[in-house]
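What the coordinates show
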Amino acid sequence: MPLQFADRLNNVETSAIRELFKLLGKPGIISFAGGFPDPAMFDVQGIQEASNKALSEEPGAALQYGATEGYQPLREQLAAFMATKGATVAASELIVTTGSQQALDLLGKTMISPGDKVIVEGPTFLATIQCFRLYGAELISAPIDANGVKTDELEQLIAEHKPKLVYLIPTFGNPSGAMLSLERRKKVLELAVKYETLIVEDDPYGDLFFDAPPPPSLLALSDSVPGSRDWLAHCGSLSKVLSPGLRVGWLIAPPALLANATMCKQFSDAHTSTFAQATAAQYLKAGRMPATLAHVRQVYAERARAMGEALGRELGEAVAFVQPGGGLFFWVRLTGAGGAISDAGELAKRAIEKGVAFVPGAPFYALNPDSSTLRLSFATADVAKIEEGIARLGQALCR
Ligand SMILES: Cc1ncc(COP(=O)(O)O)c(C=O)c1O
């Protein structure tokens, strides 16, 4: 008799993307497939100094068990960090989580009962799809364009389905790269109040803007839409700007939700690594973040520009895309123009043979996958590799 696993596992499967990653071992391959930041951008010296300080100044706190809500000096630093972005948050209104991924898991755990409806963007972050499905959510997909989720359609879906929550990545979404316009941000907050629906704002990429800052986060804007803060949860992360290995994220939510999430976290990992938290707190306290952000923004902006130019030059009419204003990703649609391949899965196989990898877009849809879409990350390849990789993609595209 084989092991009998929990029924909830029937709702999920290993990501198709993980399967693709197995093919990436091929020598010489240029990969646009990952969602990782560039390790060359890690401020190793700054993190080393911060961890040394954490150990020398507060070894008891850095190496001991800690409070589930998070290490208080870090909560204060994160509240101050949010204030630099226009969001007024008290340290007591946020908990530190083990990556923002855990914040999403805690939201699933606290909010979703089997059969509950949850609205996500089509496309959206794959791990959220899997995580919410694990809790039995019935996912509903809201369409997006270059300005993020289409709020008229979103309103119809909310009115029709009365979802438990709406999950959005308003700023430089993964995988879409889309940025929700200011007007739509306000509309989303109004919808939250009108329909008394929880909105989850996942914001790991908002700091990675290129030429101009994005509009304020939903959290920052919530002050201007009365009542909306009661219906808003916000997930933040140091992963994309500092280091994903630190596993430092945070959750800001209305008090009752935060209390339940904290209770669930207690049963899960007790608390996020105190050593990582003390290191992150020292890093922020040392005031290194603005220079780090300026550096990563400049490098990623250069790479995004190079990728956009190369796509136009090498693939021309065969692709449609919007140049992202920040984040890590291009979201590309294969148009099939001139008889070129229009199925991203087929192209992915041919591309690997030509020495370049990317992720097909279909798995990022909770419903109605669009097989002509794909995601390209410009984060980890330098400009020369981006140009070479997109040239290879151009070769793979021609039948
Ligand atoms: C949209 C989105 N949310 C959350 C995460 C999770 O990040 P972390 O758990 O490292 O904070 C990611 C990582 O790729 C992401 O793209």
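Predicted, not measured: the structure shown is a model, and the values here were computed from it. (Residues numbered from 1 in each chain as written. Predicted model: local features only at pLDDT ≥ 70, side-chain atom pairs only at ≥ 80, totals over all residues. Heavy atoms only, no water.)

1. Notes on the overall build of the protein
Rules: Secondary structure follows DSSP: runs of H or I at least 4 residues long count as helices, runs of E at least 2 residues long count as strands, and numbering of each begins at the N terminus. Note on method: radius of gyration uses C-alpha positions; expected globular size equals 2.2 Å times residues raised to 0.38. Per-residue accessibility, obtained with a 1.4 Å probe over protein chains only, is compared with the maximum for each type, and a residue is labelled buried under 20%, exposed over 50%, and partly exposed between these values. Counted charges follow a simple rule, with Lys and Arg positive, Asp and Glu negative, and His plus the chain ends left uncounted. Charge placement uses NZ in Lys and CZ in Arg. For Asp and Glu, CG and CD serve respectively.
If you tally the helices and strands in the protein, you get 14 helices and 14 strands. Against the compact-globule benchmark of 21 Å for 399 residues, the protein has a radius of gyration of 21 Å, which places it among compact chains. Considering the protein as a whole, with its 399 residues, one finds that 56% of them fall into the buried category. Averaging the coordinates of the 36 positive side-chain charges in the protein and doing the same for the 42 negative ones gives two points 3 Å apart.

2. Things to note about the sheet that holds strand β8 (residues 232-237)
Stated precisely, the cut-off is as follows: Note: two strands are recorded as paired if DSSP finds a minimum of 2 bridges between them. A contact between two residues is defined here by any heavy atoms of the two lying within 4.5 Å. Geometry is summarised by axes, namely lines fitted to C-alpha atoms with helices restricted to the contacting stretch, and by angles between N-to-C directions that run from 0 to 180 degrees.
Pairing is mixed across the open sheet formed by eight strands, whose spatial order is β2-β9-β8-β7-β6-β3-β4-β5. Both outer strands of the open sheet, β2 (94-98) and β5 (148-149), are each paired with one neighbouring strand and no more. Examined bridge by bridge, strand β4 (residues 138-145) and β5 share two bridges and lie antiparallel to one another. Note that in β5 the partner of D145 across the bridge is G148. Set on the sheet, helix α10 (residues 255-268) makes contact with β2, β7 (198-202), β8 and β9 (248-252); between it and β2 the angle comes to about 30°.

3. Remarks on the site of the ligand
Convention followed: Think of it this way: one heavy atom of a residue within 4 Å of a molecule or strand is enough to make that residue near it. Nitrogen and oxygen atoms within 3.5 Å of one another constitute a polar contact, given that in protein one can donate a hydrogen and the other can accept it, and given that sequence-neighbouring residues count only through two side-chain atoms. Note on areas: Shrake-Rupley with a 1.4 Å probe; residue coverage comes only from the protein chains shown.
With respect to spatial proximity, 13 residues lie near the ligand, and among them S100, D202, Y205, S237 and S239 are the closest. With respect to the ligand, the side chain of D202 contributes an N or O atom lying 2.6 Å from a nitrogen atom. Take Y205: an N or O atom from its side chain is 2.6 Å from an oxygen atom of the ligand. For the ligand, the protein covers 92% of the area, taking 400 Å² as the surface of the free molecule. For the shell around the ligand, the element with the highest residue contribution is helix α5 (residues 99-111), accounting for three residues.

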